[in-house]
Every structure is written in structure tokens, then in C-alpha cells.
Amino acid sequence: MGKKSSKYYRLIDANFNRAREGLRVVEDTVRFLADNKKVVNDLRRLRHRVSRIGSAVYNLLITTRDSDGDVGKEFTSTGFETLHELVTSNFRRAQEAVRVLEEYSRLLSRDAVSDLQRIRFRLYSLEKQVVKLININKVKPRRRKKSKVI
């Protein structure tokens, strides 16, 4: 495997991870804060579909992973003020990651393109559903007071 293709696979690995992580955050939010089994199952199925697509090349992805050498690992987020921001940010994280996977699949493996496109559009629909669900149920996270370090 050449150096160039190794970098492609690092990019793909990062985006599979990002997509699954974003979906997991939303899935757990709906599971524990909104208690909606149907939407949780939809999100879980979608996360598993993303995982299945990645599993075909998992061994290749894991061997090209370079977490220690990743120049982007130091990027930080400013955090969230509301549950709505947390949910929409994680949906966007997953949607953007799936879009990257879709585009790079055109270069590396066209077999996954249409499935990734369907996943991305399903994410758009689920985002609308989850945001509505959270707003209807007035789901609010509990804020902790900052503790003093002694």
C-alpha cells in the first residue's frame, strides 16, 4: 500500500469513527432523555449500517490509523449551552462524516456510495424527528454547578 492510499484510509477511518460517535451521542440522548424506543431503534440500526460498511475494510483502516500523529487531535470545541445544540451538533458531525465517506467511496470503492447516500438522507429525516421530539418533551439536561478544586 502506498503512502497516498494509506492517508486515504486514515481519512476514511476517522470519518467512520466520527459518524458512529455522533450517532451514538444522539442515540443515547433519545434513549435516556426522551425514552423513545422507536427512534432509538432507528438510530441504532443506522449506526450499525455505518459499522457494517466499515467492517469490510476494518483491518486495513486499523493498520493505517495514526491517532498520535493526527495534526487535528488538539482541536477543541467550545461546548454546548443547550440540549438542542448538543443534538444538532452530533447529527451534523454524523452527516458530514457520512458525506466524506460517500465522496471518498467514489474514489476507492463505488459499492458503498448509494448506501452511504441513503444513510445521509435518513440522518436528515431523523434529525428533524429528534429535534421535534426533544422540543415536545421539553427534555432538558441537568446542569452541574462548577465544583471548586481544593
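Counting restarts for each chain: residues are numbered from 1 in the order of the written sequence. In keeping with the model being predicted, local features are shown solely for residues with a pLDDT of at least 70 and side-chain atom pairs are shown and tallied solely at 80 or more, while totals for entire chains, interfaces and linings include all residues. The side-chain values count all of the structure's non-hydrogen atoms but skip hydrogen atoms and water molecules.

1. Observations concerning the overall build of the protein
- Helix and strand counts for the protein stand at five helices and zero strands.
- Helix and strand definitions here come from DSSP, where helices need a minimum of 4 consecutive H or I residues and strands a minimum of 2 consecutive E residues; each element is numbered from the N-terminal end. Along the protein, helices (α) and strands (β) appear in the sequence α-α-α-α-α when read from the amino end.
- We call a residue buried when its accessible area falls under 20% of the maximum for its residue type, exposed when it is over 50%, and partly exposed in between, using a 1.4 Å probe and counting protein chains only. Scored against the burial criterion, the 150 residues of the protein give a buried share of 34%.
- We call two residues in contact when some of their heavy atoms are within 4.5 Å. A separation of at least 24 residues holds for 76% of the contacts in the protein among residues at least 6 apart in sequence.
- Of the accessible surface of the protein, which amounts to about 10400 Å², a share of 50% is contributed by carbon and sulfur atoms. Here the open area of atoms and residues is found with the Shrake-Rupley method and a 1.4 Å probe, where only the protein chains shown may cover a residue.

2. A closer look at helix α2 (residues 37-55)
- Helix length check: α2 (19 residues) gives 26 Å between terminal C-alpha atoms against 27 Å at 1.5 Å per residue, within 8%.
- Polar contacts, as used here, are pairs of N or O atoms within 3.5 Å; protein pairs need one atom able to donate a hydrogen and one able to accept it. Residues neighboring in sequence count only if both atoms are side-chain atoms. Between the side-chain oxygen at the start of α2 and the backbone nitrogen of Lys 38 there is a gap of 3.3 Å, and the oxygen is on Asn 36. Here a helix's expected span is defined as the number of its residues, less one, multiplied by 1.5 Å.

By themselves, these are just geometric observations and shouldn't be taken as functional.
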